[in-house]
Amino acid sequence: MPHTKRKLQGNLIVISAPSGAGKTSIRQGLCELMPEIKHSVSFTTRKPRQGEVDGVDYSFISKEEFINMVDSGDFLEWAEVHGNMYGTSKKRIDETRAQGFDMILDIDVQGAKQVKNAIPDTVFVFILPPSLDELKQRLSFRNSDPEDVINKRLSKAAAEIVEYTNYNYVIVNDNLKGAIGELVSIAKAERARVSKINEDWIKEKFLGGIK
Ligand code: 5GP
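The paragraphs below set out a description of the structure included in this document. Please read these numbers as outputs of a predicted model, since none were measured by experiment.

Analysis parameters
- Within any chain, residue numbers begin from 1 and follow the written order of that chain's sequence.
- Side-chain atom pairs in this predicted model are given and counted only at pLDDT of 80 or more, local residue features only at pLDDT of at least 70, and totals for whole chains, interfaces and linings cover all residues.
- Each side-chain value is worked out from all heavy atoms of the structure, with water and hydrogens disregarded.
- What counts as an axis is a line fitted to C-alpha atoms, over the stretch in contact for a helix, and the angles between N-to-C directions run from 0 to 180 degrees.
- A run of H or I in DSSP becomes a helix once it reaches four residues, and a run of E becomes a strand once it reaches two; helices and strands are each numbered from the N terminus.
- By the definition adopted for this analysis, an angle is roughly parallel if under 35 degrees, roughly antiparallel if over 145, roughly perpendicular if from 65 to 115, and oblique otherwise.
- Handedness of each helix crossing follows the sense of rotation of the near helix against the far helix: counterclockwise by less than a right angle gives left-handed, clockwise gives right-handed.
- In this description, contact between two residues means that some pair of their heavy atoms is separated by no more than 4.5 Å.
- Remark: exposure states derive from per-residue accessible area (1.4 Å probe, protein chains only) relative to the maximum for the residue type, with buried under 20%, exposed over 50%, and partly exposed in between.
- Here a polar contact is recorded for every N or O atom pair within 3.5 Å, except that within protein the pair must consist of a potential hydrogen donor and a potential acceptor, and residues adjacent in sequence are included only if both atoms are side-chain atoms.
- For this analysis, a ring pair means two rings from Phe, Tyr or Trp (six-membered ring only for Trp) whose centres lie within 6.5 Å, classed as stacked if their planes differ by under 30 degrees, edge-to-face if by over 60, and tilted for the remaining angles.
- A helix is expected to span 1.5 Å for every residue after the first.
- Pairing between strands is defined by DSSP: at least two bridges between them are needed.
- Whether a residue is near a molecule or strand depends on its heavy atoms: if one lies within 4 Å, it is near.
- Note that accessible areas follow from Shrake-Rupley with a 1.4 Å probe, and for residues the cover is restricted to the protein chains shown.
- For this classification, Asp, Glu, Lys and Arg are treated as charged, while Ala, Val, Leu, Ile, Met, Phe, Trp, Tyr, Cys and Pro are nonpolar and the rest, including Gly, are polar.

## Quick look at the packing of helix H1 (residues 23-33) against helix H7 (residues 176-191)
(1) Moving on: It is at 9 Å that the axes of H1 and H7 come closest, and there the two elements cross at 55°. By the angle between their axes, H1 is oblique relative to H7. Handedness of the crossing formed by H1 with H7: right-handed. Taking contact as the criterion, the partners of Ser25, Ile26, Gly29, Leu30 and Leu33 in H1 are, on H7, Leu176, Ala179, Ile180, Leu183, Val184 and Ala187.

## Observations concerning the side chain of Ser59
(1) Moving on: Here Ser59 shows up in strand S4 (residues 58-60).
(2) Moving on: The exposure class of Ser59 is buried, given its relative accessible area of 7%.
(3) Moving on: Looking at Ser59, its side chain comes within polar contact range of the side chain of Arg92, at 2.9 Å.
(4) Moving on: Among all residues touching Ser59, those that are not within four sequence positions of it are Val41, Ser42, Phe43, Thr44, Asp54 and Arg92.

## Quick look at the packing of aromatic side chains
(1) Moving on: Scanning the model with the defined rule gives eight aromatic pairs in all.
(2) Moving on: Judged by centre distance (6.1 Å) and plane angle (75°), the rings of Phe66 and Trp78 are edge-to-face. Taken as a pair, Phe66 in helix H2 (residues 63-71) and Trp78 in strand S5 (residues 75-81) lie far apart in primary sequence, twelve residues in all.
(3) Moving on: A relative accessible area of 34% means that Trp78 is categorised as partly exposed.
(4) Moving on: Ring geometry for Phe126 and Tyr167: centres 5.1 Å apart, planes at 70°, overall edge-to-face. In this pair, Phe126 is assigned in strand S8 (residues 123-128) and Tyr167 in the loop between helix H6 (147-161) and strand S9 (169-172), connecting sequence segments 41 residues apart.

## Re H7
(1) Moving on: An ideal rise of 1.5 Å per residue puts 22 Å on 16 residues; H7 measures up with 23 Å between its terminal C-alpha atoms.
(2) Moving on: Where the residues of H7 are buried, they touch strand S1 (12-16), H1, strand S2 (37-39), strand S7 (102-106), S8 and S9.
(3) Moving on: Where H7 begins, the side chain of Asn175 points an oxygen toward the backbone nitrogen of Lys177, at a separation of 3.2 Å.

## Some thoughts on the sheet that holds S5
(1) Moving on: Spatially, S4-S3-S6-S5 is the arrangement adopted by the four strands of the open sheet, whose pairing is mixed. Unpaired on one side and paired on the other, S4 and S5 mark the two borders of the sheet. Strand-to-strand, the axes of this sheet are offset by a mean angle of 25°, without reference to chain direction.
(2) Moving on: In the sheet, S5 pairs with strand S6 (residues 84-89) via six bridges, with the strands oriented antiparallel. If you follow Glu80 over to S6, its bridge partner there is Met85.

## Observations concerning the sheet that holds S2
(1) Moving on: Across the sheet, five strands lie side by side as S2-S7-S1-S8-S9; this open sheet has parallel pairing. Across the chains shown, the open sheet's two edge strands, defined by having one partner strand only, are S2 and S9. Neighbour to neighbour, the strand axes of the sheet diverge by 25° on average, direction disregarded.
(2) Moving on: For S8 and S9, the ladder comprises four bridges, and the chain directions are parallel. Across the sheet, Val125 pairs through a bridge with Tyr169, a residue of S9.
(3) Moving on: Sitting on the sheet, H7 touches S1, S2, S7, S8 and S9, and the angle it makes with S9 is about 160°.

## Digging into the site of the ligand
(1) Moving on: Near the ligand lie 16 residues; those nearest to it are Lys23, Ser42, Arg46, Tyr58 and Tyr86.
(2) Moving on: In this structure, Arg46 approaches the ligand through a side-chain N or O atom, which is 2.6 Å from an oxygen atom.
(3) Moving on: Separating an oxygen atom of the ligand from a side-chain N or O atom of Tyr58 is a distance of 2.5 Å.
(4) Moving on: Protein burial of the ligand: of its 510 Å² of free accessible surface, 94% is covered by the chains.
(5) Moving on: The set of elements that each furnish at least two residues to the shell around the ligand consists of S5 and S6.
(6) Moving on: Residues belonging to the shell around the ligand are distributed by class as follows: five nonpolar, four polar and seven charged.

Here you go:
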């Protein structure tokens, strides 16, 4: 079988943002434009919001099931966020990357730190809203959560934003299309990295005939 240009194992991209920064829309936009990137569907103990589909947005499980998975070492990373547990399945990540797909993980700053320790060549992207005022407006507008939850999220936002220095890239989401475009550019550039290129492909393609 001829060799492929890229090493088979796909890249991992982590995106984090304070809630309301538009991370989910940006991630969905990326996956629509680049079918070679798959979203890592997390496990959570949170109840589904209206319109959310089990197995697509999240795998919704009970606290007991979640704790069993933690005890079995099933998670690449996990964290408690706003009173609910969220975790990334090792198995899902490994299987999908082994098929050559890149994976995008939409996780919080605590989870991102764990991924950095476990898989240091992950690409970390931090997404910011245009301003704190805009973030307040978006959270109140979304209206899917009770007010005390919104306030909790707002007070957490500043603490999360400080963490941007642990990331490789920052995208300001003042325009959804522009933000998706930036993320596409990052994903494409990362796919072209020398460290991701298959040496056997170079040899076969270009060096075979050179004596
Ligand atoms: P939401 O409940 O609004 O969908 O997500 C709340 C927060 O949990 C977001 O910051 C989201 O990125 C984060 N999150 C979602 N899945 C995971 C996960 O698997 N691990 C971690 N650490 N955070 C997650």
